[in-house]
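# Descriptive structure summary
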Amino acid sequence: MNNPKISIIVPVYNAERYIEQCIYSVLNQTFNDYELILIDDGSKDGSLGLCEKLREADSRIIIYSQKNKGVSTARNKGIELAQGDWISFLDSDDYFSQDYLSESYNSIVNSDIDFLIQGFTRFNENGTLENNIRVESDDIVSAKDYYQIFEIQKFTNKGNPFSKLFKTDIIKNNNITFPIDLTLGEDLCFNLLYLSCSSKVKFEKKYNYYYRETFNSLSSKYIDFRTNYLRYITLKNILAENFRPIFSDNLLDKHFKYLNYSIGYRLYECIRSLYLKRMRRSYRIEKIKMIGNRDLFLLKNSSFSVPSVNFLAISLKKISRGSCFLYTRCPNPMIFSLESSFSCK
């Protein structure tokens, strides 16, 4: 029996409200040469029962059930089980348009590309379409054309693993996995590691993946310093180890403005998390010392706006003689301010 063309991996955790719509969006595809791998991550609701019921009607559904270990472990198990030539990730509260797989496969068949990246359509829990997360242009580029990938196509803004096709052999031959110690940013880490092992990437302005913006999404929750810092330092290390032409001496090439923004924003989130809740001044200083001068220097090339919290920018004003002086520029007096001066040695 031939292997399927595409393996679709769906991590499932307490998703009974949406899982049927998710699965039916796959079963109703115009493209049929696939396997659907459902990884139940210790669901406590009726998700597993619904999955098992639908499996009775379609032999292409594979179910693996495990104790709750997190979405990264679930996706990694799906990769381990995958038999398809290509891998597509689908979240349990999202769904495909009916032609998603056929159009995606037609985009890569008889080509020498390793990585297909498309946009997606975002909608809220009420079903109202919010916007398309877009690809800048239709293009096929070398995976080493870093300026095109990071600056023109803004790769780091497409950190999600869905709305993409990955070659299974590249993932397995290079032991690429989702970092299980991260609860934030693990998908961008995976994408960067995969990109570093690829030869050619195709960007496509299609929006046939539907992403549900839930009310309890991470974007609406407080994320502590440790989680933010672990995300930042892991991303920085991946860039330093795998993208050396644009990352040297602990700094990104200043010509890569969007990439500097993207990584600098994650560093900014580390610092910002120290000011969103009451905590001791000494604790804040201790954590910013942990970051250190060399990392804080990244902020010099990372000006950005954050409209949702009414900040225009966070900048490094002065690093000299072992002291840091940070400030925020804001459009009104509602400023959160970092301690004016302290040692970062």
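Worth saying up front: this structure is predicted, and the values here are computed from it rather than measured.

Conventions we followed
Residues numbered from 1 in each chain as written. Predicted model: local features only at pLDDT ≥ 70, side-chain atom pairs only at ≥ 80, totals over all residues. Heavy atoms only, no water. Buried < 20%, exposed > 50% of the residue type's maximum accessible area, 1.4 Å probe, protein only. Helix = DSSP H or I, 4+ residues; strand = E, 2+ residues; numbered from the N terminus. Pairing = 2+ DSSP bridges. Right-handed = clockwise from strand over helix to strand, strands pointing away. Salt bridge = Lys/Arg side-chain N within 4 Å of Asp/Glu carboxyl O. Axes fitted to C-alpha atoms, helices over the stretch in contact; angles between N-to-C directions. Lys, Arg positive; Asp, Glu negative; His and termini not counted. Polar contact = N/O pair within 3.5 Å; in protein donor to acceptor, adjacent residues only side chain to side chain. Contact = heavy atoms within 4.5 Å. Phe/Tyr/Trp six-rings, centres within 6.5 Å; stacked < 30°, edge-to-face > 60°. pLDDT = per-residue confidence, 0-100.

## Notes on the pairing of strand S1 (residues 6-12)
- Burial analysis of S1 places 7 of its 7 residues in the buried class, which makes it a mostly covered element.
- The alternating pattern of S1 places Ile6, Ile8, Val10 and Val12 on one face and Ser7, Ile9 and Pro11 on the opposite face, and all of these are buried.
- Examined bridge by bridge, S1 and strand S2 (residues 34-41) share 7 bridges and lie parallel to one another. Its bridge partner being in S2, proline 11 is matched across the sheet by isoleucine 39.
- Between S1 and its parallel partner S2, the chain crosses via helix H1 (residues 19-27), and the hand of that crossover is right-handed.

## Notes on the pattern of salt bridges
- Counted according to the given criterion, the structure contains 11 salt bridges.
- For glutamate 80, the salt bridge is made with lysine 77, and the minimal N-O distance between the two is 3.1 Å. Remark: lysine 77 and glutamate 80 occur in helix H3 (residues 71-81); sequence separation between them is 3 residues, near one turn of the helix.
- Take glutamate 80: its relative accessible area is 52%, and that puts it in the exposed class.
- For arginine 272, the salt bridge identified is with glutamate 269, shortest N-O distance 3.3 Å. In this pair, arginine 272 and glutamate 269 are both assigned in helix H9 (residues 257-273), 3 residues apart and thus about one turn of the helix distant. Both residues of the pair, arginine 272 and glutamate 269, belong to the buried class.
- Here the salt bridges do not stand alone but share partners, grouping Glu103, Lys202, Glu204 and Lys206 into one network.

## Describing the sheet that holds S2
- Read from one edge of the open sheet, 8 strands run S3-S2-S1-S4-S10-S6-S11-S9, paired in mixed fashion. Every interior strand has two partners, whereas the edge strands, strand S3 (61-66) and strand S9 (139-142), have only one. For this sheet the average axis-to-axis angle between neighbouring strands, irrespective of direction, equals 20 degrees.
- Pairing of S2 with S3, which is carried by 6 bridges, proceeds in the parallel orientation.

## Some details on the side chain of aspartate 41
- With respect to the element layout, aspartate 41 can be found in strand S2.
- Here aspartate 41 sits buried without a salt bridge, and the closest side chain of opposite charge, lysine 69, lies 7.5 Å off (N-O distance).
- Polar contacts involving the side chain of aspartate 41 include one to the main-chain amide nitrogen of lysine 69, which spans 2.8 Å.
- Excluding residues that lie within four positions of it along the chain, aspartate 41 makes contacts with Val12, Tyr13, Gln66, Lys67, Asn68, Lys69, Gly70, Val71 and Ala74.

## Some details on the packing of aromatic side chains
- Following the criterion strictly, the structure yields 29 aromatic pairs and no others.
- Ring plane angle 70 degrees and centroid distance 5.6 Å describe the contact between phenylalanine 89 and phenylalanine 166, whose orientation is recorded as edge-to-face. Here phenylalanine 89 is found in strand S4 (residues 86-89), whereas its partner phenylalanine 166 is found in strand S10 (residues 164-167), with 77 residues between them in sequence.
- Judged by its relative accessible area of 1%, phenylalanine 89 is buried.

## Section: the sheet that holds strand S5 (residues 95-96)
- Sheet architecture is open: 4 strands sit in the order S5-S12-S7-S8, paired in mixed fashion. Here the strands that pair on one side only, and so sit at the sheet edges, are S5 and strand S8 (129-133).
- Judged from the 4 bridges that link them, strand S7 (residues 120-124) and strand S12 (residues 209-213) form a sheet pairing that is parallel. Following the sheet pairing, asparagine 124 is matched in S12 by glutamate 213.

## Some words on the confidence of the model for the protein chain
- A residue-level look at the protein chain finds 82% of positions with pLDDT of 70 or above and a mean pLDDT of 83.
- Every residue in residues 304-345 scores below 50 in pLDDT, and together they form 95 contacts with partners more than four places removed in sequence or on other chains.

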